[in-house]
Amino acid sequence: MNSLKPNDEGFTGLEAAIVLIAFVVVAAVFSYVVLGAGFFTTQKSQETVHTAVGQASSALEVSGNVIAKASSTSALGTVAIYLQLSAGGTGVDMTKVTYTVSTTDFLKTYTDSDTQITRDRVQGDDSDLLNSLQMDKITIDVRDATIGKNERFTIEVKPDKGAALPVSRVAPAALIRNQVYEVY
């Protein structure tokens, strides 16, 4: 006679399959979370690198010669610098640029609104934003600095974003009042 006993042998394989499927699903969810976190971290790292490159490189560069005009036979009166965007640079708001004039005995920072600074757009429209293919002539009254013959001076041009642009030159060996000189 046949007895009706329960047989659990088939359920063991089914239970193992269910546990295996659960492990696979959990592993897939975990890997999705890990990959998502990795992509997020990579994106943040990329943004950080782009920001750092933008701040480390100067947005402005000198275009052409630096011109000085003597106010007397012993000192310079003004220095003119032509500025343009560096290659690949983004527009610079010229009203936010500062200019620091320094010698061995003098250090002073000027802003665009100071009377010692004159800014003229040489090339391009007359907006305050300097874009590519545009050029500004910055004239700085340096009479306060008393830059004498053969004296080294530095004008540091600092935009609101990006690195400062130092422009270091030496005054001519001889000066004639109201004479214009190209300084190196």
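The model shown is predicted, which means the values in this text are computed figures rather than measured ones. (Residues numbered from 1 in each chain as written. Predicted model: local features only at pLDDT ≥ 70, side-chain atom pairs only at ≥ 80, totals over all residues. Heavy atoms only, no water.)

### Details of the sheet that holds strand S11 (residues 165-170)
Then, number 1: The strand order across the open sheet formed by four strands is S6-S5-S10-S11, and the pairing between neighbours is antiparallel. This sheet does not close on itself; its edge strands, each paired only once, are strand S6 (107-111) and S11. The mean inter-strand angle of the sheet, taken between neighbouring strand axes irrespective of direction, is 20°. (Pairing = 2+ DSSP bridges. Helix = DSSP H or I, 4+ residues; strand = E, 2+ residues; numbered from the N terminus. Axes fitted to C-alpha atoms, helices over the stretch in contact; angles between N-to-C directions.)

### Details of the environment of Ile155
Then, number 1: Tracing the sequence through the fold places Ile155 in strand S10 (residues 152-158).
Then, number 2: Sequence separation of Ile155 and Val49 is 106 residues, and the distance between their C-alpha atoms is 29 Å.
Then, number 3: Sequence-distant contacts of Ile155, defined by excluding residues within four places in its chain, comprise Val79, Ile81, Thr100, Val101, Ile140, Leu165, Pro166 and Val167. (Contact = heavy atoms within 4.5 Å.)

### Describing the pairing of strand S2 (residues 66-70)
Then, number 1: Judged by which residues are buried, S2 turns out to be one-sided: Val66, Ala68 and Ala70 face inward and are buried, whereas Ile67 and Lys69, on the alternate face, are not.
Then, number 2: Direction of pairing for S2 relative to strand S12 (residues 180-183): antiparallel, over a ladder of four bridges. What sits directly across from Ile67, in S12, is Glu182.
Then, number 3: With four bridges joining them, S2 and strand S3 (residues 76-85) adopt antiparallel strand pairing. Of the residues in S3, the one forming a bridge with Ala70 is Leu76.
Then, number 4: Hairpin connection, S2 to S3: the antiparallel pair is bridged by five residues. (Buried < 20%, exposed > 50% of the residue type's maximum accessible area, 1.4 Å probe, protein only.)

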